[in-house]
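An overview of the molecular structure
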Amino acid sequence: MSAGHLDRYRAKRNFSVTPEPSGAPKRKQGKASKHGQSKTLQFFIQRHHARRLHYDFRLELDGVLKSWAVPKGPSLDPHDKRLAVRVEDHPLDYGTFEGDIPEHQYGAGHVVLWDRGEWEPHGDPQAGLKKGHLSFELRGEKLEGRWALVRMGKADEHGKENWLLIKEEDEAAAHGKDAVVTELRPESVADQGDKPSKTAVRKPVKAKTVNVQVAELKPSRMPARIDAELATLVQQAPDGDEWLSEMKFDGYRGLCRIKQGKAKIHTREGLDWSTRWPVLVRALEKLPVDDAWIDGETVALDEHGSISFEALQNYTNGERQQADGVRLALYAFDLLYLNGHDLRELPLIQRKQLLRELIPGADEDGLLLYSEHIVGHAREVFRHACQHGMEGIVAKRVDAPYSGRRDRNWLKIKCERRQEFVIGGYTEPAGQRSGFGAILVGVYDEQGGLQYAGRVGTGFDERLLGSLLKTFRALEQDEPAFANPPTGQQRRGVHWIAPKLVAEVKFAQWTKAGIVRHAVFVALREDKTPRDIVREAEQRSAPEVKEDDFARQMPSPRKQAGRRNKVDQSSPVTVEGVRLTHPGKILFPDTGLTKLELARYYQSVAPWILTELKQRPLSLVRCPDGHAGKCFFQKHAGQGMPDAIEPIEVPEGEGTAQYMMVNDVAGLVATVQMGVLELHAWGSNARALMQPDRIVFDLDPAPDVPWPTVVEGAQLLRGLLQEIGLKCFLKTSGGKGLHLMVPIRPEHDWDVVKDWAHRVAAHLARHIPDRFIARMSKAARSGKIFVDYLRNAPGSTTVVAYSVRARDGAPVSVPITWEELEGGVKPDSFHVANMAERVQKLQQIDPWKDIATSRQRLTKAMLEAIGDPGHLR
């Protein structure tokens, strides 16, 4: 065996840390074959949970394992051409390796021996590798029959090669669901003698060891913060064994972080309340783990074991407990991270099984309690909970990941109406009452106004009346914070206060006027932010959930989401200095989205969409009567254009024409006033209109092309661009396809860029003709993806990132990461109704953060790299 073959392999690894084999030869190439040949060659496939999940395909040849990383894994369908990236040769004894590569090491993650067996090349394998077409037969435990590896192009300057792994048509081929062999056969094939411990999460120190069988987990860094999963209020508990039910605890949410054995407890808002509950912090630090995130609820238990929110308030306020026998406890109901492994993508039922091993029931002091659950029978569980005086239940999908947001995976069903309100005032006491008479409460509406919701005059004892009055006096102000304060007699004797306090209130019902009846004060909530307090909209029943709802990272929009709190259509409003007439006009009948709501949406995404709009000529899709009416395309500025939309002169024909630009938020709102539902921009800006700074590839699939094929098509195009040396950025189109954007320096004229983009599209179509087409002919596009390069021309445009589309559901074109694409993002994942969640994530991670500064050069070598269609073979 030539030592040179393994130089790259050894240079990347520290064998004093990683358990991977160093590559010392242990046997000669080949062995006696049970298939009757004098010598055989081995193959191995390892499932590798590194930074991204992939499958390592390895063929024994020349005394080493020739290796390819296959992101999607092999498929038994000959039509599925899997991308396979050539990597460094590995030693022969790597083939049976299975275990964990430590964090901070090359390829850190969990490795499973997924398949192994013998392979037989068709012809000379060395010649096949050199030529870029290797044909062979596999005889493995999972893969059999004829296969081929085909190189897509020449290696880049770093030696990286992109290949395709293809199953050939024979008796071992399969189609449809039967071809997804990685899902049908996920198990390891290692013998016990070959296999190290399966334990993926273990704790070898402290009082005991947590030993959990989770082979699918990949190592990851511990998050500094985790957003709490929140439940949606419904009227009726769901049916079916796909739901489990837990008690709804009357306490404070506690997200517990244990880092190197030291614990902290955070509220749902991220506040560190560890100093308030030191006894629970010490209990958490006794757990047999180094690092963990545990989700739970901090409660106070009386001497009978009943939960008392009032007693918890006394602890929170730093006062002594009011009665003997009252104690704190933490009900743990979810495990999100454990000893180097992020568990949030695991199904809930599996996370709870792991939690059960960590917290078997109650610790010796009764401080840490496991939240028991019942699978199925949620309606019966709810009935019993109410009969025993409990607040209600939380029903959770057993197969759902932990999303860290409010969604339909968790549902709360309450025995009585109860929610938080913002305190905006108080009244003078009457009769023998001390302190104050009642508090005036409200909730925030969608426009940010605090809406008055009535008075709460009961539920206070003498101690509370006195202590709250001191707090109220410190917050007094002259004017009411309510957008609609009470008037006349209802206003007499009222003291207004700044809206900084949140009260939990139980009540009988809401009146039609939005006022609560028979309200009773429960407690102040210091863990809730006033601006987050809105009227909880109770759904009539549990939502119908499709099987694949939890495979996608983004939730489906709720229809009718925008129908609440509509503004009077006859009353204009001013947004960003732009007068918006008929703000309540519905633009999308199927969702109820109005003009004002669309304007508010553009306000929320302004920091990101304006980056894509500024100083670029635009074309607009205008629908004056909304999505259901007639729409037309406008690219020239006309008379009477709003002042907020700026003109720009562009070359056109023998002269110039006046186009439009949107350079600020007022311009965005002005487009809404014009009835614009789509914003399309040029690939160049005002500084160099005839030299584009973007190259666009629009992957437009035929109606019969399944989404996974589109995903793989995008990955293949990305691989080709990377070979050439170009980085690309990705977004959904808001329709059924994807857009790959290549930022470049504006150094070439449009005709040069368009010609090059055409050659890239043609290259894909020639090399993979059953997958791609570069012609617009609809007759020839069946089953294929049209690589639309035609947008790379003056006057041609692409829908802007974060623009709404004039289609059912108000979909949005959204930038995404490649990891999100692989993780399950669908073409219909993003709509105006769910973009608020996306905007929150953009504060931390922006998939296009570097697109404006990624000033790549389209060099002469790159332009020549795609010439003759055979040039990259």
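Please read all numbers here as calculations on a predicted model, not as lab measurements.

Overview of the pattern of salt bridges
For the structure shown, the criterion picks out 48 salt bridges. When the shortest N-O distance is used, the salt bridge between E246 and K352 registers 2.5 Å. Taken together, the positions of E246 in strand β13 (residues 243-247) and K352 in helix α6 (residues 348-358) put the pair 106 residues apart, joining distant regions of the chain. In this pair, the class of E246 matches that of K352, namely buried. Close ionic contact of R525 with E504 constitutes a salt bridge, the shortest N to O distance being 2.5 Å. Highlighted residues: R525 in the loop between β29 (520-524) and β30 (573-575) and E504 in strand β26 (residues 494-507), separated in sequence by 21 residues. Assigned by exposure class, R525 and E504 land together as buried. Among the charged side chains, a salt-bridge network with shared partners connects K248, D250, E391, R418, E504, R525 and D527.

A word on the confidence of the model for the protein chain
For the protein chain, per-residue confidence averages 84 on the pLDDT scale, and 87% of positions sit at 70 or higher. Counting contacts from residues 26-38, a segment whose pLDDT is below 50, to residues more than four positions away or on other chains yields 23 contacts. Throughout residues 540-570 the model reports pLDDT below 50, and contacts reaching past four residues in sequence, or to other chains, amount to 77 contacts.

Focus: the sheet that holds β13
Strand-to-strand pairing in sheets goes through backbone hydrogen bonds, with the strands running parallel or antiparallel. One open sheet holds the five strands; their spatial order is β12-β22-β21-β13-β20, and the pairing between them is mixed. Each edge of the open sheet is held by one strand with a lone partner, namely β12 (230-233) and β20 (374-375). Relative to β13, α6 is tilted by about 45°, and along the sheet it contacts β13 and β21 (392-397).

Notes on the packing of aromatic side chains
Applying the stated criterion to the full structure yields 27 aromatic pairs. Seen from their ring centres, W68 and W163 are 5.7 Å apart, and the 75° between their planes marks the pair as edge-to-face. With a gap of 95 residues between them, W68 in strand β3 (residues 64-70) and W163 in strand β9 (residues 161-167) connect regions that are remote in the sequence. Geometry around W273 places R276 over its ring, the cationic atom sitting 4.0 Å from the centre.

Concerning empty space enclosed by the protein
Going through the model one piece at a time under the given rule, you end up with three cavities of 30 Å³ or more. Of the pockets and cavities examined, the largest cavity occupies roughly 110 Å³. A681, W682, R694, M741 and T798 are the residues nearest the centre of the largest cavity, which is lined by 14 residues in total. The set of elements that each furnish at least two residues to the lining of the largest cavity consists of β39 (694-701) and β44 (798-799). Along the lines of polarity and charge, the residues of the lining of the largest cavity split into eight nonpolar, two polar and four charged.

Describing the pairing of strand β8 (residues 144-151)
Inspection of the sheet shows strand β7 (residues 133-140) paired to β8 by seven bridges, in the antiparallel sense. From the neighbouring strand, R139 faces β8, where its bridge partner is E144.

A short note on the sheet that holds strand β23 (residues 417-427)
Reading across from one edge, β25-β24-β23-β26-β29 is the order of the five strands in this open sheet, with antiparallel pairing throughout. Of all the strands in the sheet, the pair left with one neighbour each is β25 (450-456) and β29. Taking the axes of each pair of neighbouring strands and ignoring which way they run, one obtains an average angle of 45° across the sheet. Where strand β24 (residues 439-444) meets β25, six bridges bridge the pair, whose relative direction is antiparallel. Its bridge partner lying in β25, V441 is registered against G454. Contacts from helix α8 (residues 462-474) reach β23, β24, β26 and β29, with the element oriented near 65° to β23.

Overview of helix α12 (residues 750-767)
The terminal C-alpha atoms of α12, which comprises 18 residues, lie 26 Å apart, in line with the 26 Å expected from a rise of 1.5 Å per residue. Among the residues making up α12, those that are buried are W750, V753, W756, A757, V760, A761, A762, H763, L764 and A765.

Re the layout of surface pockets
To find the voids left in a structure, one rolls a probe of water-molecule size over its atoms. Taken as a whole, the second largest pocket encloses approximately 1000 Å³ of empty space. Every residue lining the second largest pocket is counted, 33 residues in all, and those nearest its centre are H54, A69, V85, V87 and Y106. Mapped onto the lining of the second largest pocket, the elements with two or more residues apiece are β2 (53-61), β4 (82-90), α11 (707-724) and α13 (818-823). Sort the elements by how many residues they give to the lining of the second largest pocket and β4 lands first, with six residues. Residue composition of the lining of the second largest pocket, by class: 11 nonpolar, 10 polar and 12 charged.

What to know about the state of the cysteines
Should the sulfur atoms of two cysteines be covalently bonded, the bond is a disulfide. Within this structure, the stated rule accounts for one disulfide. One disulfide in the model links C623 with C631; its S-S distance is 2.1 Å. Sign of the S-S torsion, about 115° for the bond between C623 and C631, identifies this disulfide as right-handed. Of the residues examined, C631 reaches a relative accessible area of 39% and is grouped as partly exposed.

Here we look at the packing of helix α9 (residues 595-613) against helix α10 (residues 665-673)
Relative to each other, α9 and α10 sit at 135°, their axes nearing to 8 Å. Considering their axes alone, α9 and α10 lie oblique with respect to each other. In this structure, α9 meets α10 at a crossing whose hand is right-handed. Contacts between α9 and α10 pair K595, L598, A599, Y602, Q603, A606, I609, L610 and L613 from the former with V665, L668, V669, V672 and Q673 from the latter. Of the residues assigned to the contact of α9 with α10, the class counts are 11 nonpolar, two polar and one charged.

Quick look at α10
With eight of its nine residues buried, α10 lies for the most part within the structure. By the burial criterion, the buried members of α10 are V665, A666, G667, L668, V669, A670, T671 and V672. Among the structural elements, β30, β31 (578-580), α9 and β38 (676-681) are those in contact with the buried residues of α10. Capping of α10 at its N-terminal end is provided by D664; its side-chain oxygen lies 3.3 Å from the backbone amide nitrogen of A666. G675 occupies a position one or two residues after α10 and carries a positive phi of about 85°.

Examining the side chain of D788
Here D788 lies in strand β43 (residues 785-788). In this structure D788 comes out as buried when scored by relative accessible area, which is 11%. Separated by 2.9 Å, the side chain of D788 and the backbone nitrogen of L790 make a polar contact. Apart from the residues within four sequence positions on either side, D788 is in contact with V696, F697 and D698.

Calculation rules
- Residues numbered from 1 in each chain as written.
- Predicted model: local features only at pLDDT ≥ 70, side-chain atom pairs only at ≥ 80, totals over all residues.
- Heavy atoms only, no water.
- Salt bridge = Lys/Arg side-chain N within 4 Å of Asp/Glu carboxyl O.
- Helix = DSSP H or I, 4+ residues; strand = E, 2+ residues; numbered from the N terminus.
- Buried < 20%, exposed > 50% of the residue type's maximum accessible area, 1.4 Å probe, protein only.
- pLDDT = per-residue confidence, 0-100.
- Contact = heavy atoms within 4.5 Å.
- Pairing = 2+ DSSP bridges.
- Axes fitted to C-alpha atoms, helices over the stretch in contact; angles between N-to-C directions.
- Phe/Tyr/Trp six-rings, centres within 6.5 Å; stacked < 30°, edge-to-face > 60°.
- Lys NZ or Arg CZ within 6 Å of the ring centre and 35° of its normal.
- 1 Å grid on protein atoms, 1.4 Å probe; cavity = no way out; pocket = protein on both sides within 12 Å on 5 of 7 lines; lining within 4 Å.
- Points joined across faces, edges and corners; volume = space filled by probe spheres on them.
- Nonpolar A, V, L, I, M, F, W, Y, C, P; charged D, E, K, R; others polar.
- Expected span 1.5 Å × (residues − 1).
- Disulfide = S-S within 2.5 Å.
- Parallel < 35°, antiparallel > 145°, perpendicular 65-115°, else oblique.
- Left-handed = near helix turned anticlockwise from the far one by under 90°.
- Polar contact = N/O pair within 3.5 Å; in protein donor to acceptor, adjacent residues only side chain to side chain.

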